[in-house]
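Below, each chain spelled out in residue letters.
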Amino acid sequence: MSYHDHKQSGRHCCEGITAPYCPPPLCENPANRMPVDDCCVCGASANAPMHKAARWPKPVKPCPPPHYSGVVCGGVPVKPHKPHCESVLLQKIVCCEKRRIPNLCTRITLEGLPPCACKPYMLESVYQSGAQPWWTPLENHCPDTRNHICVSIPVCCVVCDGEGKRYHTSAVVETEVSYRSAGHPGEHWRNSLFIVPCIRMLGGDCCSDTAEFCIQVEIFLEIYLLRHEPCTVQKPEPVCEELPLYPMPPCRQCGCGNTDPRSRHHHW
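Just so it is clear, the model here is predicted, and its values are computed rather than measured. (Residues numbered from 1 in each chain as written. Predicted model: local features only at pLDDT ≥ 70, side-chain atom pairs only at ≥ 80, totals over all residues. Heavy atoms only, no water.)

Draft legend 1. Spotlight on a nonpolar patch on the surface. Together, Val-88, Leu-90 and Val-233 make up an exposed nonpolar region whose accessible area comes to about 210 Å². Note that Leu-90 resides in strand 1 (residues 85–109). (Patch = residues over 30% accessible without salt bridge, like charges linked within 9 Å, V, L, I, M, F, W, Y side chains within 5 Å. Areas by Shrake-Rupley, 256 points an atom, 1.4 Å probe, with all protein chains shown as cover. Salt bridge = Lys/Arg side-chain N within 4 Å of Asp/Glu carboxyl O. Helix = DSSP H or I, 4+ residues; strand = E, 2+ residues; numbered from the N terminus.)

Draft legend 2. Structural view of the nonpolar core. Counting residues in each nonpolar core, the largest one holds 32 residues, and the members touching the most others are Ile-108, Leu-123, Val-126, Val-155, Cys-157, Ile-215 and Ile-219. At the level of secondary structure, the elements contributing two or more residues to this core comprise strand 1, strand 2 (121–128), strand 4 (147–160), strand 5 (166–179), strand 6 (191–204) and strand 8 (212–234). Sort the elements by how many residues they give to this core and strand 8 lands first, with 7 residues. Filtering out sequence-adjacent residues up to four positions away, Val-126 remains in contact with Ile-108, Val-155, Cys-156, Cys-157, Ile-199, Arg-200, Met-201 and Ile-215. (Core = buried A, V, L, I, M, F, W, Y, C linked by side-chain atoms within 4.5 Å. Buried < 20%, exposed > 50% of the residue type's maximum accessible area, 1.4 Å probe, protein only. Contact = heavy atoms within 4.5 Å.)

Draft legend 3. The arrangement of the environment of Leu-193 in detail. Topologically, Leu-193 is positioned in strand 6. The exposure class assigned to Leu-193 is buried, which follows from its relative accessible area of 16%. Excluding its chain neighbours within four sequence positions, the residues that come into contact with Leu-193 are Trp-135, Ile-149, Tyr-179, Ile-223, Tyr-224 and Leu-225.

Don't take any of this as a statement about function, it's just geometry.
Now the structure itself:
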């Protein structure tokens, strides 16, 4: 069978023919040719979007050139540890008032006077002791918003008996004062009172046959209204050693020679 006897009726017109030459398949009309992207020669579907297809293998992007800023970076800084804090209970001063009583006539009774002391007794001095004074509230019938209290102040007394022997005894001086409460009245139950007294004797009946004396004293009081509140105390951090701004000059004594050749011109 020759080439001219073969009927060119389709794409597979050369099937079953043993011939030295097979003509290429007929192409369709150029007007009906489909786009290059939808060509079926590559085996892809006509509806598959080719702009989303990725090339394989993917191209390797080149590394950016190294950038040197001139700053030498050290190691990674260590995150400082959070300091350990402790909570303590402190007294907060809500308010403070000072009261001065220039001349108070009062009667005191000496305590701790030995029975061997001879009469008459001479009272030499009266001053406050280290004990904390105590107080009791008083009723106030006047339209006053201040708090009235009776303060009992422990004092120390120096007494000389009829034979000239001195004895140290104790007594209590009472006085009435008032103070103003700060804050809301419903919060007063949380406050506490702290009184700092100062007292000295001005005169009076300093000689008596008994342990009772009627004297005149001057009193100065500091009245503090306190409230207990928690407070956080931070432990002090260790003080770092200060470094010099410039390097220390080399020692010029024997055994500590200077190895810098530039400093030889400045050596006298």
